[in-house]
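This is what each chain is made of:
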Amino acid sequence: MKRRDFIGTSAVASVGFMASASTGTGANLTEKPFKLKHNINHSACYWCYGSIPFETFLQELNKLDIRAIDLVDAEQFPLLKKYNIHASMCWGAGLGIEKGWNDPQYHKELIEDYKRVIPLVAEGGYTNLICFSGNRNGMNDMVGLRNCAKGLKEIIPMAEEHGVVIQMELLNSKVNHKDYMCDTTQWGVSLCETIGSDNFKLLYDIYHMQIMEGDIIRNIQDYHQYYGHYHTGGNPGRHEIDETQEIFYPAVMKAILETGYTGHVAQEFVPSWEDKIAALKQGVTICDV
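An unreviewed UniProt entry annotates the protein as TIM barrel protein of Maribacter flavus.

**Quick notes on the overall build of the protein**
What the protein contains, in helices and strands, is eleven helices and eight strands. Counting across all 289 residues of the protein, residues that qualify as buried make up 56%. A sequence separation of at least 24 residues applies to 74% of the contacts in the protein between residues at least 6 apart. Looking at the protein as shown, the accessible area adds up to about 12400 Å², and 49% of this sits on carbon and sulfur atoms.

**Details of the nonpolar core**
Counting 92 residues, the largest nonpolar core has Leu 152 and Ile 166 as the members making the most contacts within it. Once residues lying within four places of it in the same chain are set aside, the contact partners of Ile 166 are Tyr 114, Ile 118, Leu 129, Cys 131, Leu 152, Ile 155, Ile 156, Ala 159, Asn 199, Phe 200 and Lys 201.

**With respect to the side chain of His 38**
On the secondary structure map, His 38 appears in the loop between helix H1 (3–6) and strand E1 (41–44). Only 3.3 Å separates the side chain of His 38 from the side chain of Arg 67, close enough to count as a polar contact. If we skip the residues at most four places from it in the chain, His 38 touches Asp 65, Arg 67 and Asp 288.

**Looking at helix H9 (residues 216–223)**
Along H9, the residues that are buried comprise Ile 216, Asn 219, Ile 220 and Tyr 223. One face of H9 carries all of its buried residues, which in axial projection span an arc of 100°. Those residues of H9 that are buried are in contact with helix H7 (185–195), strand E6 (200–205), helix H8 (206–212), strand E7 (227–231) and helix H10 (249–258).

**Some words on empty space enclosed by the protein**
Over the atoms rolls a probe the size of a water molecule, and in doing so it shows where empty space is left. The tally for this structure, following the rule as stated, stands at one cavity of 30 Å³ or more. The calculated volume of the largest cavity comes to roughly 40 Å³. Taken together, Ala 93, Gly 94, Leu 95, Gly 96, Lys 99, Gly 100, Trp 101, Leu 110, Tyr 114, Cys 131 and Phe 132 make up the full set of residues lining the largest cavity. The residue makeup of the lining of the largest cavity, split by class, is seven nonpolar, three polar and one charged.

**Here we look at the state of the cysteines**
Evaluation of the coordinates by the stated rule reveals zero disulfides. As a non-bridged cysteine, Cys 131 has Cys 148 as the owner of its nearest cysteine sulfur, 7.7 Å distant. Take Cys 148: it sits in no disulfide, and the sulfur closest to it among the cysteines is that of Cys 182, at 7.6 Å. Classification of Cys 148 by relative accessible area gives buried; the value is 0%.

**With respect to the packing of helix H5 (residues 141–152) against H7**
At their nearest, the axes of H5 and H7 sit 10 Å apart, and the two run at 40° to each other. As judged from the angle between their axes, H5 and H7 are oblique. For the crossing formed where H5 meets H7, the hand is right-handed. Contacts from Asp 141, Gly 144, Leu 145, Cys 148, Ala 149 and Leu 152 in H5 reach Trp 187, Ser 190, Leu 191, Thr 194 and Ile 195 in H7. In the contact of H5 with H7, the residues fall into seven nonpolar, three polar and one charged.

Cut-off values and rules
Here the residue numbering is sequential within each chain, running from 1 through the sequence in written order. It should be noted that, the model being predicted, local features are given only for residues of pLDDT at least 70 and side-chain atom pairs only at 80 or more, the latter also being counted only at that level, while totals for whole chains, interfaces and linings use all residues. Calculated side-chain values reflect all of the structure's heavy atoms, with hydrogen atoms and water omitted. The helix and strand labels rest on DSSP assignments: H or I over at least four residues marks a helix, E over at least two residues marks a strand, and numbering proceeds from the N terminus. Three labels apply to residues, based on accessible area from a 1.4 Å probe with only protein chains included: buried if under 20% of the type maximum, exposed if over 50%, partly exposed otherwise in between. Between two residues, a contact is recorded if the distance between any of their heavy atoms is within 4.5 Å. Per-residue accessibility takes into account occlusion by the displayed protein chains alone, with areas from the Shrake-Rupley method and a 1.4 Å probe. Among the buried residues, those of types Ala, Val, Leu, Ile, Met, Phe, Trp, Tyr and Cys that are joined through side-chain atoms within 4.5 Å form a nonpolar core. Here a polar contact means two N or O atoms within 3.5 Å. Within protein one must be a hydrogen donor candidate and the other an acceptor candidate, and residues neighboring in sequence count only if both atoms are side-chain atoms. An arc is given here, and it is the one of the directions from the helix axis to the C-beta atoms. In this analysis a 1.4 Å probe is tested at points of a 1 Å grid over the protein atoms alone, and where it fits but cannot get out there is a cavity; an open set with protein on both sides within 12 Å along at least five of seven lines is a pocket; lining residues have an atom within 4 Å of a point. Grid points are joined across faces, edges and corners, and a volume is the space filled by probe spheres set on the points. For this classification, the nonpolar set comprises Ala, Val, Leu, Ile, Met, Phe, Trp, Tyr, Cys and Pro, the charged set comprises Asp, Glu, Lys and Arg, and every other residue, Gly included, is treated as polar. Any pair of cysteine sulfurs within 2.5 Å is marked as a disulfide. For helices, the fitted axis covers only the stretch in contact; all axes are lines through C-alpha atoms, and the angles between them, taken along N-to-C directions, range from 0 to 180 degrees. Any angle that falls under 35 degrees is termed roughly parallel, while one over 145 is termed roughly antiparallel, one within 65 to 115 roughly perpendicular, and all others oblique. The sense of a crossing depends on the near helix, which, turned anticlockwise from the far helix by less than a right angle, makes the crossing left-handed and, turned clockwise, makes it right-handed.

This is the structure:
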């Protein structure tokens, strides 16, 4: 299931909890106790596991000692409280990835929607709320940047008042999100500087930025102050983050820690294994430096 298809939907199917090794078919997860260091604050994006009922997924997070979940909305907050799972990145406002803040025709609706959701995020006890630039549709990048800044400045005072951080995700426009505007670090950093608020940050998606520009560790070192959140994913394919792909995640995680970052890193790879939870366990273990 693609992320864009999952937005606004709920999972209804169930899946068995089968143990696996790196191939997804091997050893039992209960063979030895599983203990995380938690130097990295781990999270997981639920849309990648949409075949698993939400409450079941929260139970599995408890078993794995993963204490946060990404990309959830206010309707799901009560279950998060039940299982003591933190919402490390909320959604529920906006018009999706393609229709975003770069187009003034959407500003009125976006402003109203974010002003509705920001208090809900704060009332839930959470901090981060995702947003998107939208597609170019022939628009010049600098025009789009100014449009984004103008619209976002209408909601930033409310975000500051409620202690909510609006986070625009960096996505690749080469493979997954053709024509998406916020597709480079430099563009995103320029937008942060234009807005000039600690309540506006970038969601740095390692998978997407590996596709667009690479140089992941240097960009983390140079621009970490603009990054409020991180997502993982194996490239190519956006599957497991193990030796089947090109990014060496232990080094990336160490670079993140060296910046003093105390937020969350969310697994956002789409499992290719039959046992999706075993794949998640592997990904978190790789990042648990």
